[in-house]
Amino acid sequence: MKVSIEISYYPLLEDYKPTIKKFIAALEANPAITVKPNSMSTHIFGEFDQTMSTVTQCIKDAFEVPSSIFVLKVMNLDRNK
């Protein structure tokens, strides 16, 4: 099953941009998923199991930063068109 995920990441840091860029780079390290960042969120597309496991691991790693907030929308359809 294909999924589309929209993620907004809010690290509550004064210098937040490097942390967000590191998170996006970690997602992009998996060639089995498609990652499309924009100014407000990041869109991820792929097969359910592969996509969800990658997102879960990247969020877990990002939680090393104190006060990290994620907002996700998960859709069971391929919006990468």
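In what follows, the structure referred to is the one given above.
Quick look at the pairing of strand 1 (residues 2-11) now. Of all the 10 residues making up strand 1, 7 are buried; the element is thus mostly covered by neighbouring parts of the structure. Examined bridge by bridge, strand 1 and strand 3 (residues 42-47) share 6 bridges and lie antiparallel to one another. Residue pairing for strand 3: K2 is matched across the bridge by E47. Here strand 1 runs beside strand 4 (residues 68-75); their pairing, made up of 8 bridges, is antiparallel. When the bridges of strand 4 are listed, Y9 appears paired with F70.

Quick look at the packing of aromatic side chains now. Overall, the coordinates contain 4 aromatic pairs when judged by the stated rule. Considering the side-chain rings of Y9 and F23, the 5.2 Å spacing of their centres and the 55 degrees angle between planes classify their relative orientation as tilted. Residue Y9 is found in strand 1, and its partner F23 is found in helix 1 (residues 17-28); the two are separated by 14 residues along the sequence. In terms of burial, Y9 and F23 fall into one category: buried. Ring pairing ties together the aromatic residues Y9, F23, F63 and F70, which thus form one cluster.

This next bit is on the nonpolar core. One finds I7, Y9, F23, L27, I44, V55 and F70 to be the most contacted residues of the largest nonpolar core, which totals 15 residues. Mapped onto this core, the elements with two or more residues apiece are strand 1, helix 1 and helix 2 (48-62). A total of 4 residues in this core trace back to one element, the largest contributor, which is helix 2. Ignoring any residue separated from it by four or fewer positions in sequence, one finds Y9 in contact with T19, I20, F23, A62, V65, S68, I69 and F70.

About the thresholds
- Residues numbered from 1 in each chain as written.
- Predicted model: local features only at pLDDT ≥ 70, side-chain atom pairs only at ≥ 80, totals over all residues.
- Heavy atoms only, no water.
- Buried < 20%, exposed > 50% of the residue type's maximum accessible area, 1.4 Å probe, protein only.
- Helix = DSSP H or I, 4+ residues; strand = E, 2+ residues; numbered from the N terminus.
- Pairing = 2+ DSSP bridges.
- Phe/Tyr/Trp six-rings, centres within 6.5 Å; stacked < 30°, edge-to-face > 60°.
- Core = buried A, V, L, I, M, F, W, Y, C linked by side-chain atoms within 4.5 Å.
- Contact = heavy atoms within 4.5 Å.

Remember, this is a structural readout, not a statement about activity or role.
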